[in-house]
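This is what each chain is made of:
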Amino acid sequence: MKDEKTPDAAESERALIQGRLKDSTDTFVQEFTASVDFDKRLFEQDITNSIVQAKMLSETGVITQEEAGSMVKGLEKIREEVLRGEFNWRVDLEDVHMNIENRLTELIGEAGKKVHTGRSRNDQIATDLRLFLIVEIDQITSKIRQLLREIAKLAEENAATVMPGFTHLQVAQPITFGHHLMAWFSMLERDLGRLMDCKKRTSFSPMGSAALAGSTFHPDRDFSAEKMGFQGVCDNSLDAVSDRDFAIEFCSAAAITMTHFSRWCEELILWSSDQFDFVELPDRFCTGSSIMPQKKNPDVPELIRGKTGRTNGNLISLLTLMKSQPLAYNKDNQEDKEPLFDSVDTLSNCVDALNGLIPNIAAKPTNMRQAAESGFSTATDLADYLVKKGLPFRTAHDLVGRIVKRAITTNRRLDEMSISELSADTDLIGDDIYSVLTPEGSVASRDHHGGTAPQQVRNAIKEARDRLSL
Ligand code: ARG
């Protein structure tokens, strides 16, 4: 951002905060300390905040109604200028607050100089940032609710689609694709809860805290908080201007959500490979290769997986930024914005991407079922069968281990063995074993809350939709 003012004019306005300083700030230092390049993103919140400040000052008799009226008009004009791209952002004015205040005075004269009565940029920025985050959380949570709806829909369509469940990425036991998708749903439902919790704690107004100790003008803090849509006011002025735990909390919720997304995306990448071939990803969400004409690369899930690095990094940035800061405000806190903005944007974009991707995933049930039959996936069912016939589990486990060993030597699945082969070491196995050994029999028998039986998956979807009013 280049300073378009003449050096003289810039110098005289910089005098706004020159205070006791004898020499004017070094040009390098001006640029080094400036935040306007990124905090101008908060112009809407800063203007709302100043409009409410003007009204509060007149309500409490600190300024006249006329002065407040002219401030409000000036601030609304500034909003128009910014929206039309006509506002001249100046680095020499350091940040969004001083740019707007300076412009207000240019527009309305002396009255503009009163808008900063009883406030500080310290309570201003803490308030602007909270206002910003509340709006962003609302937008992100509504997109997440859409994503939950899409997952539930795909899960319902696949409530009885059999696939292998994995542990250690080895076939473990048959599950249904619907059950797998509802595991994603559970993760995301908790993420939604974390974001909503974060909003609750963000929704308190720092205004009136001024620089750190409060204001001598007896601010009506409840008036300001209510007009800006906050739930209440921050209780302690030192804490209000200095802590950024609400931003850390958001970045933490974002990092956890993105970490979940990275797991789902990893699965989509594996499943869409020739080796698994469980799903087809929509062409629109894939790209080709510049050299290999046959390629269809899962770029979107790969990028989501990769972007998790940013959000995890942003969380560490903010934690480290806050660590060991003495009360109250320190300039360190200016560094909170870029990581927070980046986490907001990254999470929001990735939810958009998944909202486009998930409804267009085509399952390949035949391949999934075939894979579910591999790896002796129903060996546990055979052991459970023997337990139900009276064997202690450990004995049954041992016996089935020997059966599996024989199956491996003769290169067959368990259900391809005859009753007499299965019964070599026991007389407990009857004809009814074959229904137990199918993937369908296996999933159907896990018929309890949280289990993979198709009916349980349908129940889980119904309960989730009721619980979240989806
Ligand atoms: N740009 C500053 C920030 O983002 C605003 C607060 C500046 N306050 C101060 N005392 N220098 O934190």
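Just above, that's the structure.
Residues numbered from 1 in each chain as written. Predicted model: local features only at pLDDT ≥ 70, side-chain atom pairs only at ≥ 80, totals over all residues. Heavy atoms only, no water.

Bringing the overall build of the protein chain into the picture now. On a plain count of helices and strands, the protein chain comes out with 20 helices and six strands. At 31 Å, the protein chain has a C-alpha radius of gyration far larger than the 23 Å of a compact globule built from 470 residues. Dimensions of the protein chain, computed from C-alpha atoms along their principal axes, come out at roughly 100 × 55 × 40 Å. Relative to its full complement of 470 residues, the protein chain shows a buried share of 49%. As displayed, the protein chain offers around 22400 Å² of accessible surface, 52% of which is attributable to carbon and sulfur atoms. (Helix = DSSP H or I, 4+ residues; strand = E, 2+ residues; numbered from the N terminus. Rg over C-alpha atoms; globule rule 2.2 N^0.38 Å. Buried < 20%, exposed > 50% of the residue type's maximum accessible area, 1.4 Å probe, protein only. Areas by Shrake-Rupley, 256 points an atom, 1.4 Å probe, with all protein chains shown as cover.)

Counted under the stated rule, the structure contains 41 salt bridges. Between Lys 114 and Glu 67 there is a salt bridge; the shortest N-O distance is 2.6 Å. Residue Lys 114 is located in the loop between α6 (96-108) and α7 (121-157), and its partner Glu 67 is located in helix α5 (residues 65-83); the two are separated by 47 residues in the primary sequence. The class for Lys 114 is partly exposed, based on a relative accessible area of 34%. Glu 67 gets classed as buried once you look at its relative accessible area, which sits at 16%. Taken together, the shared-partner salt bridges in this structure form one network comprising Arg 369, Glu 373, Arg 413, Asp 415, Glu 416 and Glu 440. (Salt bridge = Lys/Arg side-chain N within 4 Å of Asp/Glu carboxyl O.)

Applying the stated criterion across every chain yields a total of zero disulfides. No disulfide involves Cys 265; its nearest neighbouring cysteine sulfur is the one of Cys 350, lying 7.7 Å away. Cys 286 takes part in no disulfide bond, and the closest cysteine sulfur to it belongs to Cys 265, at a distance of 12 Å. You can call Cys 286 buried: its relative accessible area is 12%. (Disulfide = S-S within 2.5 Å.)

Two faces belong to every sheet, and in a regular strand the side chains alternate between them. Pairing between strand β1 (residues 162-167) and strand β2 (residues 170-176): six bridges, direction antiparallel. For Thr 167, the partnering residue across the bridge sits in β2 and is Gln 170. Taking the residues between adjacent antiparallel strands as the criterion, β1 and β2 are bridged by two residues, where His 168 takes a positive phi near 55°. (Pairing = 2+ DSSP bridges.)

On to the site of the ligand. The environment of the ligand is made up of Ser 35, Asp 39, Asp 95, His 97, Arg 121, Asn 122, Ile 125, Tyr 329, Gln 334 and Lys 337. Gln 334 is positioned such that a nitrogen or oxygen atom in its side chain is 2.8 Å from a nitrogen atom of the ligand. For the ligand, the protein covers 86% of the area, taking 350 Å² as the surface of the free molecule. Of all the elements, α7 adds the most residues to the shell around the ligand, at three residues. Residue classes in the shell around the ligand are distributed as two nonpolar, four polar and four charged. (Near = heavy atom within 4 Å. Polar contact = N/O pair within 3.5 Å; in protein donor to acceptor, adjacent residues only side chain to side chain. Nonpolar A, V, L, I, M, F, W, Y, C, P; charged D, E, K, R; others polar.)

Right, let's talk about unusual backbone geometry for a bit. A cis amide bond, omega 0°, links Leu 327 with the succeeding residue Ala 328. Along the polypeptide, Ala 328 turns up in the loop between α12 (299-322) and α13 (337-357). In this structure, His 218 takes a positive phi of about 45° despite not being glycine. Note on placement: His 218 falls in the loop between β3 (204-205) and α9 (221-227).

A contiguous patch of negative charge, built from Asp 37, Asp 332, Glu 335 and Glu 338, is present on the exposed surface. Examined against the element boundaries, Asp 37 turns out to sit in helix α3 (residues 36-39). Judged by relative accessible area, Asp 37 falls into the partly exposed class, the value being 45%. (Patch = residues over 30% accessible without salt bridge, like charges linked within 9 Å, V, L, I, M, F, W, Y side chains within 5 Å. Lys, Arg positive; Asp, Glu negative; His and termini not counted. Charge placed at Lys NZ, Arg CZ, Asp CG, Glu CD.)

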